[in-house]
Amino acid sequence: QVQVVESGGGLVQAGGSLKLSCEASGSIFMINFMGWYRQAPGNERELVAGIFSSGRTMYADSVKGRFTISRDNAKNTVYLQMNSLKPEDTGVYYCNVINGDRNTYWGQGTQVTVSS
């Protein structure tokens, strides 16, 4: 089993910054992918950013140029640096981990609220 724990959410004014962290632990086996999804009230969960074991990254169009995902493989940790935050970035941010055995794990989510 793999445990996924997020941290770093909070309340910030528009234009501000936050950094989210997500650590995976337990039966880790060559994590293939670590990513961040967000879900706003009434909306479906959407992929915000992801990073593969190769280091290749992907971003939603809405966050390109503002968010940066990075990964510390030694710590099985992924980070999401969020700059120039907008009210529409508000939501619960979930960390997603795809293990080497192709099982998918989710964290409990961390709330990000951007006030205008």
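As a reminder, the structure under discussion sits directly above these lines.
Now for a look at the structure at hand. Since we're looking at a predicted model, the values are computed, not measured.

Mapped onto the secondary structure, I69 falls in strand β7 (residues 67–72). Using a relative accessible area of 5% as the deciding quantity, one classes I69 as buried. Taking the C-alpha atoms as reference, I69 lies 15 Å from S84; in sequence the two are 15 residues apart. Setting aside anything within four residues of it in sequence, one finds I69 in contact with M34, G35, W36, A49, G50, I51, T57, Y59, V78, Y79 and L80.

Quick look at the packing of aromatic side chains now. Scanning the model with the defined rule gives two aromatic pairs in all. Plain terms: the ring middles of Y37 and W106 are 4.9 Å apart, the flat faces sit at 65 degrees to each other, and that makes the pair edge-to-face. Taken together, the residues span a long stretch of sequence, with Y37 in strand β4 (residues 33–39) and W106 in strand β10 (residues 104–106) at a distance of 69 residues. With a relative accessible area of 38%, W106 lands in the partly exposed category.

Take the sheet that holds strand β3 (residues 18–26) next. The antiparallel open sheet is built from four strands, whose spatial order is β1-β3-β8-β7. A single partner strand is all that each edge strand has here, and the edge strands are β1 (2–7) and β7. Neighbour-to-neighbour, the strand axes of this sheet turn through a mean angle of 15 degrees, independent of strand direction. In this sheet, β3 lies alongside β1 in antiparallel orientation, the contact comprising six bridges. In the strand pairing of β3, E6 is matched with C22.

This part is about the state of the cysteines. Counted by the stated rule, this structure contains one disulfide. Bridging C22 to C95, the disulfide has an S-S length of 2.0 Å. One quick way to see it: the torsion about the S-S bond of C22 and C95 is about -80 degrees, and its sign makes the bridge left-handed. Pair noted here: C22 is in strand β3 and C95 is in strand β9 (residues 91–98), with a separation of 73 residues, a long-range link. Using a relative accessible area of 0% as the deciding quantity, one classes C22 as buried. According to the relative accessible area criterion, C95 is buried, its value standing at 0%.

Thresholds applied
Residues numbered from 1 in each chain as written. Predicted model: local features only at pLDDT ≥ 70, side-chain atom pairs only at ≥ 80, totals over all residues. Heavy atoms only, no water. Helix = DSSP H or I, 4+ residues; strand = E, 2+ residues; numbered from the N terminus. Buried < 20%, exposed > 50% of the residue type's maximum accessible area, 1.4 Å probe, protein only. Contact = heavy atoms within 4.5 Å. Phe/Tyr/Trp six-rings, centres within 6.5 Å; stacked < 30°, edge-to-face > 60°. Pairing = 2+ DSSP bridges. Axes fitted to C-alpha atoms, helices over the stretch in contact; angles between N-to-C directions. Disulfide = S-S within 2.5 Å.

Honestly, that's just the spatial picture; any functional story needs more than this.
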